[in-house]
Amino acid sequence: MTDLLYRHNVSFDSVNIEVEILDTCKCKITGCLYDHLRWGEAFVVVYSVCDEASFREAQLLLDTLAKLKLPSYYTTLLLGNKRDLEHSKKVCVDAGQELSLRYGCQFYEVSAAESYAGVSLAFQSLLREARSVQLLRAMPIRRKLGVNSVSKVLGTIFGQNKSRDRGKKRPSLSI
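What counts, and where the lines are drawn
- Residues numbered from 1 in each chain as written.
- Predicted model: local features only at pLDDT ≥ 70, side-chain atom pairs only at ≥ 80, totals over all residues.
- Heavy atoms only, no water.
- Helix = DSSP H or I, 4+ residues; strand = E, 2+ residues; numbered from the N terminus.
- Contact = heavy atoms within 4.5 Å.
- Polar contact = N/O pair within 3.5 Å; in protein donor to acceptor, adjacent residues only side chain to side chain.
- Pairing = 2+ DSSP bridges.
- Axes fitted to C-alpha atoms, helices over the stretch in contact; angles between N-to-C directions.
- Salt bridge = Lys/Arg side-chain N within 4 Å of Asp/Glu carboxyl O.
- Buried < 20%, exposed > 50% of the residue type's maximum accessible area, 1.4 Å probe, protein only.
- Core = buried A, V, L, I, M, F, W, Y, C linked by side-chain atoms within 4.5 Å.
- Expected span 1.5 Å × (residues − 1).
- Arc of directions from axis to C-beta.

**So, the environment of Ser54**
The topology assignment puts Ser54 in helix α3 (residues 52-68). When sequence neighbours within four positions are dropped, the list of residues in contact with Ser54 reads Tyr47 and Ser48. A polar side-chain atom of Ser54 sits 2.9 Å from the main-chain amide nitrogen of Ser48.

**Some points on unusual backbone geometry**
Residue Ser14 is not a glycine yet carries a positive backbone phi of 60 degrees. Structurally, Ser14 can be placed in the loop between β1 (4-12) and β2 (15-23). Phi is positive for Lys82, which is not a glycine, with a value near 75 degrees. Positionally, Lys82 belongs in the loop between β4 (75-81) and α4 (93-103).

**As for the sheet that holds strand β5 (residues 106-109)**
Overall, parallel pairing links the three strands, which are arranged β3-β4-β5 in an open sheet. Single-partner strands in this sheet number two, and they are β3 (42-48) and β5. The mean inter-strand angle of the sheet, taken between neighbouring strand axes irrespective of direction, is 20 degrees. Where β4 lies against β5, four bridges are found, and the strand directions are parallel.

**Let's talk about the pattern of salt bridges**
If you walk through the whole model with that rule in mind, you get five salt bridges. Here Glu109 makes a salt bridge to Lys89, at a shortest N to O gap of 2.7 Å. Here Lys89 lies in the loop between β4 and α4 and Glu109 lies in strand β5, a separation of 20 residues in the sequence. Here Glu109 falls in the buried class, since its relative accessible area comes to 11%. For the salt bridge of Arg102 with Glu98, the shortest nitrogen-to-oxygen distance reads 3.6 Å. Of the two residues, Arg102 and Glu98 are both situated in helix α4; the distance of four residues between them amounts to about one turn of the helix. Using a relative accessible area of 52% as the deciding quantity, one classes Glu98 as exposed.

**Some words on the pairing of β4**
Most of β4 sits out of view: seven of its seven residues are buried. The side-chain alternation of β4 yields two buried faces, one formed by Thr75, Leu77, Leu79 and Asn81 and the other by Thr76, Leu78 and Gly80. With seven bridges connecting them, β3 and β4 associate as parallel partners. Counterpart to Ala42 in the pairing with β4 is Thr75.

**Brief notes about the nonpolar core**
One finds Val45, Tyr47, Val49, Cys50, Phe55, Ala58, Leu62, Leu78, Val91, Leu99, Cys105 and Phe107 forming the largest nonpolar core, which totals twelve residues. No other element matches the three residues that α3 contributes to this core. Leu78 has contacts with Val45, Tyr47, Ala58, Leu62, Gly96, Leu99, Ser100, Cys105, Gln106, Phe107 and Tyr108, leaving out every residue within four places of it along the chain. Among the nonpolar cores identified, the runner-up in size contains six residues, and Leu79, Val110, Ala122 and Leu126 belong to it.

**Here we look at α3**
Counted at 1.5 Å a residue, the expected span for α3 with its 17 residues is 24 Å, and the 25 Å between its end C-alpha atoms agrees. Buried residues of α3: Ser54, Phe55, Ala58, Leu62 and Leu65, and no others. In an axial view of α3, the angular spread of the buried residues amounts to 105 degrees, which keeps them on one side of the axis. Set apart from the buried face of α3 by more than 90 degrees, the exposed residues are Leu60 and Lys67. Of the surrounding secondary structure, the elements contacted by the buried residues of α3 are α2 (33-39), β3, β4 and α4. Capping the start of α3 is the job of one residue whose side-chain oxygen sits 3.1 Å from the backbone nitrogen of Ala53: Asp51.

Below, the structure written as structure tokens:
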């Protein structure tokens, strides 16, 4: 038994994205979760609102993610499923919202059986955030300007000419 890898092209917001989805349901058996967490950029942690144990497992997964990954390098969606089974509900919406706030992730409570629209909306939201994280990571890191560099920039802005100001002390700025 191995985990299942799905490849899918998604189009939304006038952008086409190729998504690889790895279903890690077999990780408890194979012990491969750590490798998958290192590989992923976006995570969907799903629990059943009718099963408190699955909610506790979701909390453990979010905790593991927080310990293994840098926050600015991934995005997470906490997804409570089976919202339509109100009569069997064991985990309230507030508990899911509180958990998502604690780990800084998105939260949706949906019914995959009732309608795919809620699940689709949640995934699109996750992909938007993941795309934003990817774009931010690709931006060049700007180095901090030192005091000398700041004074040079200010001199250029205010039109000071080096040849004209020889022998004079240049103004400095300390920030």
